[in-house]
Amino acid sequence: MYVDAHVHLGRYPDPTAVLRRVESERIVCVAVTDTPAEYREARPRLRRPPLVDVALGLHPLQAAELRPDELAQFDELVHGCAWVGEVGLDGSPDGLPTLPEQREALGRVLSHPAIRDKVLTVHSRGAEPEVIATLARARVTAVLHWYRGSLEDARGALAAGMRFSVNPAMVRSSAGRRLMAALPPERVLTETDGPYTTIGRRPSAPADVRVVLAALAEQWGVDVQAAARRVRDNLEALRAPSAA
């Protein structure tokens, strides 16, 4: 059984077709969302226990556009979810103009009384040191999704108990492979970030975590089945109890 710990299931042209394949191939997925409104719409449509859980998101690049009532929805909806994401900060050129609003939104997420009972899947592009320090202070359970920061900062995240999810784009990059080599196997999950990563010319799909597993298996000196079991065990050790 494979694991896609960060995938935007609702953003595929035909989410139902992707879900059918997820179910037929028994792929465990965390379907992330960008806003509370997207989560509210997606949860009844995409959730397929025990395979697919839907995460409550507050994406940093959406933070400046959210109205106060939408932020209030996050506070209400968080009680009914096991996963929170996609959340975090974006310090890239796209995100720099809204960093103050992003910090306010992330602070709201991390200050919620229920947040320590959740698992967060976290965006950190261009803001890795700040995100890691902020998560460490909050003492939350966090998975750094598509991490692109330094190995020194990654070691700090590991020391604070964080995990990392690895996708096909990372496997193809030298920086991604260096990170994979530095991570303890017990701190690694697989993801696709589909449909925003690609395999050849097509968007990646949850089954494409096989690309990542092949690279991890080589790195760890095991076969692909053993790598898949390791990742599944990591998820089981990490996951919060499923919400009702």
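Just so we're clear, the structure is a prediction, and the values are computed from it rather than from any experiment.

A.B. asks: Lay out the pattern of salt bridges with the relevant residues and their values.
C.D. replies: When the charged atoms of two side chains with opposite charge come close together, those side chains can pair. If you walk through the whole model with that rule in mind, you get 14 salt bridges. Three or more residues are tied together by salt bridges with common partners; here these are Arg11, Asp34 and Glu38.

A.B. asks: Can you tell me about the confidence of the model for the chain, naming the residues and giving the values?
C.D. replies: Considering every residue of the chain, the mean pLDDT works out to 95; 98% of them sit at 70 or more. Below pLDDT 50 for its whole length, residues 240–244 participates in 13 contacts with residues either more than four positions away or in separate chains.

A.B. asks: Let's hear about the nonpolar core: which residues, and what values?
C.D. replies: As a rule of thumb, nonpolar side chains are buried together in soluble globular proteins. Ranked by size, the top nonpolar core spans 81 residues in total, and within it Leu9, Trp83, Val84, Leu120, Leu135, Leu144 and Phe164 carry the most contacts. Ranked by residue count, the leading element in this core is helix α9 (residues 209–220), at 6 residues. Setting aside chain neighbours within four positions, we find leucine 135 in contact with Leu110, Leu120, Val122, Val140, Ala142, Leu144 and Met162.

A.B. asks: Any chance you could break down the environment of arginine 232 for me, citing the residues and the numbers?
C.D. replies: By the secondary structure assignment, arginine 232 is in helix α10 (residues 224–238). Among the residues examined, arginine 232 registers a relative accessible area of 21% and is labelled partly exposed. The spatial distance from the C-alpha of arginine 232 to the C-alpha of valine 28 is 8.6 Å, given a sequence separation of 204 residues.

A.B. asks: Any details on the packing of aromatic side chains? Residues and values, ideally.
C.D. replies: Taken as a whole, this structure holds 1 aromatic pair when the rule is applied. Ring centres of tyrosine 147 and phenylalanine 164 lie 5.3 Å apart, and the angle between their planes is 90 degrees; on these two criteria the pair is classed as edge-to-face. Taken together, the residues tyrosine 147 in the loop between β6 (141–145) and α6 (151–159) and phenylalanine 164 in strand β7 (residues 163–166) connect sequence positions 17 residues apart. The same class applies to tyrosine 147 as to phenylalanine 164, namely buried. Of note, arginine 148 hangs over the ring of tryptophan 146, and the distance from its end group to the ring centre comes to 4.3 Å.

A.B. asks: Got a sec to walk through the sheet that holds strand β8 (residues 188–190)? Specific residues and values, please.
C.D. replies: Taken in spatial order, the 5 strands line up as β4-β5-β6-β7-β8 in an open sheet, and their pairing is parallel. Only two strands of the sheet have a single partner each, and these edge strands are β4 (83–88) and β8. For this sheet the average axis-to-axis angle between neighbouring strands, irrespective of direction, equals 30 degrees. Looking at chain direction, strand β5 (residues 119–123) and β6 are connected through 4 bridges and run parallel.

A.B. asks: Explain the layout of surface pockets to me, using residue names and the numbers behind them.
C.D. replies: For the largest pocket, the calculated volume is near 240 Å³. As for the largest pocket, its lining consists of 15 residues, and the residues nearest its centre are His59, Glu86, His123, Asp193 and Tyr196. In this structure, the second largest pocket encloses a volume near 150 Å³. Contributing elements (two or more residues each) for the lining of the second largest pocket: α7 (168–171) and α8 (174–182). Per element, the largest residue contribution to the lining of the second largest pocket is 4 residues, and it comes from α8. Grouping the amino acids of the lining of the second largest pocket by side-chain chemistry returns 7 nonpolar, 4 polar and 2 charged.

A.B. asks: I'd love a proper account of the environment of valine 22, names of residues and values included.
C.D. replies: One can find valine 22 in helix α1 (residues 15–25). Among the residues examined, valine 22 registers a relative accessible area of 1% and is labelled buried. Valine 22 sits 185 residues away from alanine 207 along the chain, and the two C-alpha atoms are 7.4 Å apart. Once residues within four sequence positions are removed from consideration, valine 22 is found in contact with Ile27, Cys29, Leu51, Val52 and Pro206.

A.B. asks: Give a description of the pairing of β5 that names residues and reports values.
C.D. replies: With 5 of its 5 residues buried, β5 lies for the most part within the structure. Neither face of β5 is exposed, since Val119, Thr121 and His123 on one face and Leu120 and Val122 on the opposite face are all buried. Looking at chain direction, β4 and β5 are connected through 4 bridges and run parallel. Residue pairing for β5: valine 84 is matched across the bridge by leucine 120. As a crossover connection, the stretch from β4 through helix α4 (residues 99–111) into β5 is right-handed. Remark: the β5/helix α5 (residues 128–138)/β6 crossover connection has right-handed handedness.

Procedures and definitions
Residues numbered from 1 in each chain as written. Predicted model: local features only at pLDDT ≥ 70, side-chain atom pairs only at ≥ 80, totals over all residues. Heavy atoms only, no water. Salt bridge = Lys/Arg side-chain N within 4 Å of Asp/Glu carboxyl O. pLDDT = per-residue confidence, 0-100. Contact = heavy atoms within 4.5 Å. Core = buried A, V, L, I, M, F, W, Y, C linked by side-chain atoms within 4.5 Å. Buried < 20%, exposed > 50% of the residue type's maximum accessible area, 1.4 Å probe, protein only. Helix = DSSP H or I, 4+ residues; strand = E, 2+ residues; numbered from the N terminus. Phe/Tyr/Trp six-rings, centres within 6.5 Å; stacked < 30°, edge-to-face > 60°. Lys NZ or Arg CZ within 6 Å of the ring centre and 35° of its normal. Pairing = 2+ DSSP bridges. Axes fitted to C-alpha atoms, helices over the stretch in contact; angles between N-to-C directions. 1 Å grid on protein atoms, 1.4 Å probe; cavity = no way out; pocket = protein on both sides within 12 Å on 5 of 7 lines; lining within 4 Å. Points joined across faces, edges and corners; volume = space filled by probe spheres on them. Nonpolar A, V, L, I, M, F, W, Y, C, P; charged D, E, K, R; others polar. Right-handed = clockwise from strand over helix to strand, strands pointing away.

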